[in-house]
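Examination of the molecular architecture
Single-letter residue listing:
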Amino acid sequence: MKQFFKTTLASILGTLIAMFIAAAGFFFFMLIIVSAFSSEEVVTVSDNSVLEIRLDYSVPERTTYEPSRNFDYFLPEFEKRLGLNEILENLNKAEWDDNIEGIYLNLSNLEGGSYSTLNSIREGLIEFRQSGKFVIAHGNRISQRAYFLGSAADKVFLSPAGELDLRGMQMELMFFKKTLDKLDVEAQIFRSGKYKSAVETFTNEKMSAENREQLDEMLSAIYDDVITKIAEARDLESTDLKNIIDDFKSRDISKLTGMNLLDGIIYYDDLIDSMKSMISLPGNRNLKRITMNKYSMVPGGSSEYSRNRIAVIYANGEIHEGSGDEETIGMENITRELRKVRNNSNVKAVVLRVNSPGGSPLTSEQILHEVKLTNEQIPVVASFGSVAASGGYYIACGAGEIVCERYSITGSIGAFGIIPNLKGLFNDKLGITFDRIQKGKYSGLYNLTEPLNRRERTVIREKIDEIYSTFITHVAEGRNMSEEYVQEIAQGRVWSGLQAKEIGLVDDVGGLNEAIDRAADLAGIDQYRVLEYPAIKDPIEKILELFSSGNSTLFTSIQEESIEELILHTKDYILERGILTRLPVDIYLY
């Protein structure tokens, strides 16, 4: 018995010591993490410096930290990705920084994001140039989107043996009808609005006439405006530039300067010499450059103090019925922030920055309600990013005013639902059969292994019509329009920001800064600080999430991620049991 107690006590003591060592180790681990990320580098700018901008990543709405695929010992590395918000802040800061002489815009491997995002940065570069400072653009291979951004520069250069790829714009849609036919899956479709074409992905092999009409008109509006902007910047006629693009004349590098598409074809060292001469820097001195990431750590902004605040609330991603996070709009995250800011006496106005294709009408309704309540107390201005369509427009239509990016994709006022019938897949392809007992005529309404009957189809049809009618009413009230007029411009149709301004869906065309300025005007304030909501998770929080969840995506290849994303996105569409107010298609401009 004595030996038993000795053994037991020794085990307990050993367990306690092990727990203590583990706790101490975890505490030490946390100290390393905190010290790694809390000791922010102090950055100063030397005189005669040039700010280098390189957008070789897809620019998010807000600055974020993304996990890289490398580990530094046992700590994951995080890459700081400057968002559109901080890029624009840095451009404004550099405009008034006496140590910054100009900007070097590196156009090689540009991703940047949508045309809408690039246009906002482009406008920031044009405003920077108005200070009298220079912007020089250069690239080894310049894509059309990169050239659109670079056309805002004083001069655009290309490397010898490089390429200027000007071939026009296109949209490409993917259709799964043949895939579903092979799997013997029936997509049972419901929609409101003849242009609500999301369902066509599963019922058609190509665009319907209505879908082709709306997308063609929207693409034409965006393309013509992009051409006009480039032509004006390069002192060309729009028709001449279109002819150059139609004939793909930019493929002949020897004629680019003669067509005034470029200011020269030079090597990188000649580019450096050119910038040195522009700031009168002696040839034996090195050109001082500072990257945009480092420059973001340079103190700046107004030293004047004001209690006044303008809250910018970012509503990013698809709209779901969960709580929401940095990449999705949920039932809680946006509504919570709206309640918080309107109860803060220092907040004088709100800018709701929307970048969403839509999603759940239930969540959209709750957010719209909070927007209306907030607008009754303080001015609310909605600002549209790359896309603010369907549910994305739903949540914003109750704002006092709407400011939209020129190339935003918006509208899509409608609703749709897809109920897949998988009976053929299970019975005929997999040999799986089902049997059931039901109480209540509609208890099997959302069964995926039986086709919908007439009564069930009527129920779903009525619900979609109800959501669509409510959507129409909200837009009519929010935009001070008749419901008859909203019916005309709705029908699930998508519009560019430029088109939306013409038909009255938005009040003005402009970016986030213009929306903030408008909010300040409506609030009647001159001095204010901008606060952003919801809070972005810092690297420490993300590291803890990675270790706690055992996240393996750090080691996943880009190709695998793209395929996985496509499959999951398709699955969500096919298996979605609810009714959606969502953008008809995922639209990408090339």
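Residues numbered from 1 in each chain as written. Predicted model: local features only at pLDDT ≥ 70, side-chain atom pairs only at ≥ 80, totals over all residues. Heavy atoms only, no water.

Digging into the overall build of the chain
To be explicit about the condition: Strands here mean DSSP runs of E at least two residues long; helices mean DSSP runs of H or I at least four residues long; both are numbered from the N terminus. A simple rule labels every residue: compare its accessible area, found with a 1.4 Å probe on the protein chains alone, to the largest value its type can have, and call it buried under 20%, exposed over 50%, or partly exposed in between. Contacts between residues were defined by any pair of non-hydrogen atoms, one from each residue, lying within 4.5 Å. Residue exposure ignores everything except the shown protein chains as possible cover, and the areas themselves are Shrake-Rupley values with a 1.4 Å probe.
Tallying secondary structure elements over the chain gives 20 helices and 20 strands in all. Taking all 590 residues of the chain together, 49% fall into the buried category. In the chain, of all internal contacts separated by at least 6 residues, the share reaching a separation of at least 24 is 75%. By element, 50% of the accessible surface of the chain is carried by carbon and sulfur atoms, the whole surface being about 28900 Å².

Here's the deal with the environment of glycine 102
If you trace the backbone, glycine 102 turns up in strand E4 (residues 100–106). With 177 residues separating them along the chain, glycine 102 and isoleucine 279 place their C-alpha atoms 8.5 Å apart. Not counting residues within four places of it along the chain, the set of residues in contact with glycine 102 comprises Ser49, Val50, Leu51, Phe128, Lys133 and Phe134.

Considering the pattern of salt bridges
Side chains that differ in sign of charge can pair as their charged atoms come close. Defined as follows: Should a side-chain nitrogen of Lys or Arg be within 4 Å of a carboxyl oxygen of Asp or Glu, the pair is scored as a salt bridge.
Considering all chains together, one arrives at 31 salt bridges under this definition. For the salt bridge of glutamate 86 with lysine 80, the shortest nitrogen-to-oxygen distance reads 3.9 Å. Taking relative accessible area as the criterion, lysine 80 reaches 24% and is therefore assigned partly exposed. A network of salt bridges, in which partner residues are shared, links Arg141, Glu163, Asp165 and Arg167.

Thoughts on a negative patch on the surface
Selection criterion: A residue counts toward a patch only above 30% relative accessible area and without a salt bridge, and it is joined to like-charged neighbours within 9 Å or, for Val, Leu, Ile, Met, Phe, Trp and Tyr, to nonpolar neighbours within 5 Å. Working convention for charge: Lys and Arg count positive, Asp and Glu count negative, and His plus the chain ends are omitted. The atoms used to mark charge sites are NZ of Lys, CZ of Arg, CG of Asp and CD of Glu.
The grouping of Glu127, Asp508, Glu514, Asp517, Asp521 and Asp526 at the surface amounts to a negative patch. Element by element, the count of residues in the negative patch is highest for helix H18 (residues 512–523), at 3 residues. For aspartate 526, the location among the structural elements is in the loop between H18 and strand E19 (529–533). Looking at aspartate 526, the relative accessible area reads 71%, which means it is exposed.

Regarding the sheet that holds strand E9 (residues 288–291)
Counted only if it meets this: For two strands to pair, DSSP has to find at least two bridges joining them. To obtain an axis, a line is fitted to C-alpha atoms, over the contacting stretch when the element is a helix, and the angle between two such axes runs from 0 to 180 degrees between their N-to-C directions.
If you walk across this open sheet you meet the 6 strands as E8-E6-E5-E4-E1-E9, and the pairing is parallel. Each having just a single partner strand, strand E8 (264–265) and E9 make up the two edges of the open sheet. Direction of pairing for strand E6 (residues 155–164) relative to E8: parallel, over a ladder of 2 bridges. Paired with phenylalanine 157 across the bridge in E8 is glycine 264. Strand contacts of helix H3 (residues 115–129): strand E1 (49–54), E4 and strand E5 (134–142), with the helix running at about 150° to E4, the strand carrying the most contacts. Contacting E1, E4, E5, E6 and E9, helix H9 (residues 268–278) crosses the sheet at an angle of about 175° to E5.

Comments concerning the side chain of serine 390
Heads up, the rule is: Whenever two N or O atoms come within 3.5 Å, that pair is a polar contact, provided that in protein one can donate a hydrogen and the other can accept it, and provided that, for residues adjacent in sequence, both atoms are side-chain atoms.
Along the polypeptide, serine 390 turns up in the loop between strand E13 (380–389) and helix H13 (391–394). Separated by 3.2 Å, the side chain of serine 390 and the backbone oxygen of serine 412 make a polar contact.

Description of a nonpolar patch on the surface
Together, Leu430, Ile432 and Phe434 line one region of the surface with nonpolar side chains, adding up to about 270 Å² of accessible area. Residue isoleucine 432 is classed as partly exposed on the basis of its relative accessible area of 35%.

Thoughts on the packing of aromatic side chains
This is how it is decided: When the centres of two rings from Phe, Tyr and Trp lie within 6.5 Å, Trp using its six-membered ring, the rings pair. Their planes under 30 degrees apart give stacked, over 60 give edge-to-face, and anything left gives tilted. Consider the ring centre and the ring normal. A charge sits over the ring if Lys NZ or Arg CZ is within 6 Å of that centre and within 35 degrees of that normal.
The full count for this structure, using the stated rule, is 7 aromatic pairs. Ring plane angle 80° and centroid distance 5.2 Å describe the contact between phenylalanine 426 and phenylalanine 434, whose orientation is recorded as edge-to-face. The partly exposed category is assigned to phenylalanine 434, whose relative accessible area is 42%. Put simply, the rings of Tyr115, Phe148 and Tyr407 pair up and form one aromatic cluster. Sitting above the plane of the tyrosine 295 ring, lysine 93 keeps its charged end 4.6 Å from the centroid. Above the face of the tryptophan 495 ring, arginine 493 is positioned so that its terminal group lies 4.5 Å from the ring centre.

Let's talk about the side chain of serine 116
Positionally, serine 116 belongs in helix H3. Under the relative-accessibility criterion, serine 116 is labelled buried at 3%. Those residues within four positions of serine 116 in sequence are excluded, and the remaining contacts are Gly385, Ser386, Glu405, Tyr407 and Ser408.

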